[in-house]
Amino acid sequence: MEFDTVIHGGTLVTASETSKGDIGIRDGRIVALAESLPGGERRIDAGGRLVMPGGIEAHAHIAQESSSGIMGADDYLSGSISAAFGGNSSFIPFAAQHRGQSIDDVIATYDQRAARSVIDYSYHLIVTDPTAEVLEDQLPRAFKRGITSFKVFMTYDMMNIGDGGMLDILTVARAHGAITMVHAENNDMIKWMNKRLAAADLTEPKYHAISRPELAEEEAINRAVSLAKLVDAPLFIVHVSTAGGAAIVQREKLAGTRLFAETCPQYLALTREKLDQPGMEGAKFVCSPPLRDAETQEALWRHVQAGTFESVSSDHAPYRFDDTGKFMNGRDTPYPKIANGMPGIAARLPYLFSEGVVKGRISLNEFVALSSTNAAKTFGVTKKGGLAPGMDADIAIWNPEVTRNTTLADQHDNMDYTPFEGMELTGVPEIVLNRGAIIVEHGELKCQEGQGRFVPRAPVDLGKGRGYLAKELDPVRNFGARIAP
Ligand SMILES: [Zn+2]
């Protein structure tokens, strides 16, 4: 058998197994796994290295306008390059509908933007305007194209769709085999806090954390789960940042609810003290939900270890520390007007590897599950997230021994800061492949713009409903509306 590429002599790690061996690649796919494989037009020596499924970044904001109209700093070229330098072979950023836009137009716009990507991609649709047309025609069309997940917001006045809107979307999603993702924070609690803090003239960056209390997330997660249960729909809670929120997820999973969740490196690595710095330095650390305290970090790590979270995702939301980003409303702006979000697409996996695997909190196999395999399963990416014949040759080869201090230059994004600056991390992704093509190799970009392709995704496995929804109203179990995979 002839191979385009053979990866030779590495330690192969999947979500379930660790073994020594070679990988044979042809036409962008893995075609053979064996103790030793001959030949290969190109042979990559992976002695002393870990050979793992390339990361799948399931939460990133790339070439996306915020609801207030500012564009993030990374487009699909810089964002995908940064992702690849961080060990990712594919990613699923958001395609965001703003009110009044049709979903078809949104997808067409993002198709143009994403054509520059150097790694494979799909989108989660953000839905902010669930009109009858959107629910009945446009979302079903998006599903048929293989966009099988979308996100709704319980906060932000321009995005939040209310409980009734969520029930509508959850119901459509379930009928088509899609999964609904939710940013869960209580909008009214936060607005009330903002008003009180403003009245007391407490508007420096550090008050951002105080304005969005843990209770606001816990209440909203509980409500989101209740809404999803009412209509028997699967639900994915993004960026869980509180111990109370994680405990709800864990409890509901145990009760059989079709619930999925992620947390992010910033909630494991950074605390709200970062917001309390001289001048406006704290603006770099304004993200929502906000950074919490050291006790919460410990609790979240324990939930990572206990399997509460499917994934650790970056929530890469790149707003530069200048007037195009953080300070779009001026330098000395009160905290509610600072752009929300921080970058981290390249730092996600080096952080998780170093603080997780190297420090002994998680196994190598758990690292692969949290970085790649679970995202593939949850979001219907059927050909990625594993090392097996027939899978895409999306592979990251890591040197587990190298230690380096995190720098902005290592991130390869369009940002002017990294929130992880100076953090000492062990383990570096040295070579990253997407469908058999080398994307980055030893710190150098090796591919052309546009190497990435759109990945149509499969419907999610609906599993068994728990039977909360009145059967007269249940299209899945009574009217056969489910689309076959
Ligand atoms: Zn986000």
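The preceding data block contains the structure.
All figures in this text were calculated on a predicted structure; none of them were measured in a lab.

A.B. asks: What is the right way to look at the side chain of S314 in this model?
C.D. replies: Within the secondary structure layout, S314 lies in the loop between β14 (311–312) and α11 (348–358). Within the structure, S314 has its side chain in polar contact with the backbone nitrogen of H316 (distance 3.0 Å).

A.B. asks: How should I be thinking about the packing of helix α3 (residues 132–144) against helix α4 (residues 162–176) in this particular structure?
C.D. replies: Working note: a packed helix pair is described by the angle between its axes plus the distance between those axes. In contact at an axis separation of 11 Å, α3 and α4 are set at 45 degrees when each is read in the N-to-C sense. Classified by the angle their axes make, α3 and α4 are oblique. Crossing of α3 over α4 shows right-handed handedness. Between α3 and α4, the residues in contact are L135, L139, P140 and F143 and D168, I169, V172, A173 and H176, respectively.

A.B. asks: What is the right way to read the coordination of the zinc ion from this model?
C.D. replies: Expected angles at a metal are 109.5 degrees for tetrahedral coordination by four donors and either 90 or 180 degrees for octahedral coordination by six donors. H59 (NE2), H61 (NE2) and D315 (OD) make up the full set of protein donors to the zinc ion, lying at 2.0 to 2.1 Å. Read from N- to C-terminus, the donor residues coordinating the zinc ion fall into the pattern H-x1-H-x253-D.

A.B. asks: Sorry, what's going on with the nonpolar core here?
C.D. replies: For soluble globular proteins, nonpolar side chains are generally found buried alongside one another. By size, the foremost hydrophobic cluster in this structure holds 124 residues, and its most contacted members are M52, L125, L139, M166, L235, I237 and F367. Apart from residues lying up to four places away in sequence, L139 is in contact with I103, L125, V127, V134 and V172. I25, I30, A46 and L433 belong to the second largest nonpolar core, which has 15 residues in total.

A.B. asks: Whenever I open this one, helix α12 (residues 364–378) confuses me. Can you help?
C.D. replies: Since the α-helix advances by 3.6 residues per turn, residues separated by three or four positions end up pointing in the same direction. Between the first and last C-alpha of α12 there are 20 Å, a value that for 15 residues agrees with the 21 Å anticipated at 1.5 Å per step. Bending of α12 peaks at approximately 50 degrees at the position of L370. Counting buried positions over the 15 residues of α12 gives 13, a clear majority of the element. At the exit of α12 stands G380, carrying a positive phi of roughly 70 degrees.

A.B. asks: What exactly am I supposed to notice about a negative patch on the surface here?
C.D. replies: On the surface, D201, E204, E273, D276, D293 and E295 cluster together into a negatively charged patch. D276 sits in the partly exposed class, given a relative accessible area of 47%.

Reading guide: rules and limits
Residues numbered from 1 in each chain as written. Predicted model: local features only at pLDDT ≥ 70, side-chain atom pairs only at ≥ 80, totals over all residues. Heavy atoms only, no water. Helix = DSSP H or I, 4+ residues; strand = E, 2+ residues; numbered from the N terminus. Polar contact = N/O pair within 3.5 Å; in protein donor to acceptor, adjacent residues only side chain to side chain. Axes fitted to C-alpha atoms, helices over the stretch in contact; angles between N-to-C directions. Parallel < 35°, antiparallel > 145°, perpendicular 65-115°, else oblique. Left-handed = near helix turned anticlockwise from the far one by under 90°. Contact = heavy atoms within 4.5 Å. Donors = N, O, S within 2.8 Å, 3.2 Å for Na, K, Ca; no water. Core = buried A, V, L, I, M, F, W, Y, C linked by side-chain atoms within 4.5 Å. Buried < 20%, exposed > 50% of the residue type's maximum accessible area, 1.4 Å probe, protein only. Expected span 1.5 Å × (residues − 1). Bend = angle between axes of the 7 residues up to and from the residue. Patch = residues over 30% accessible without salt bridge, like charges linked within 9 Å, V, L, I, M, F, W, Y side chains within 5 Å. Areas by Shrake-Rupley, 256 points an atom, 1.4 Å probe, with all protein chains shown as cover. Salt bridge = Lys/Arg side-chain N within 4 Å of Asp/Glu carboxyl O. Lys, Arg positive; Asp, Glu negative; His and termini not counted. Charge placed at Lys NZ, Arg CZ, Asp CG, Glu CD.

This is a description of form; function is not addressed.
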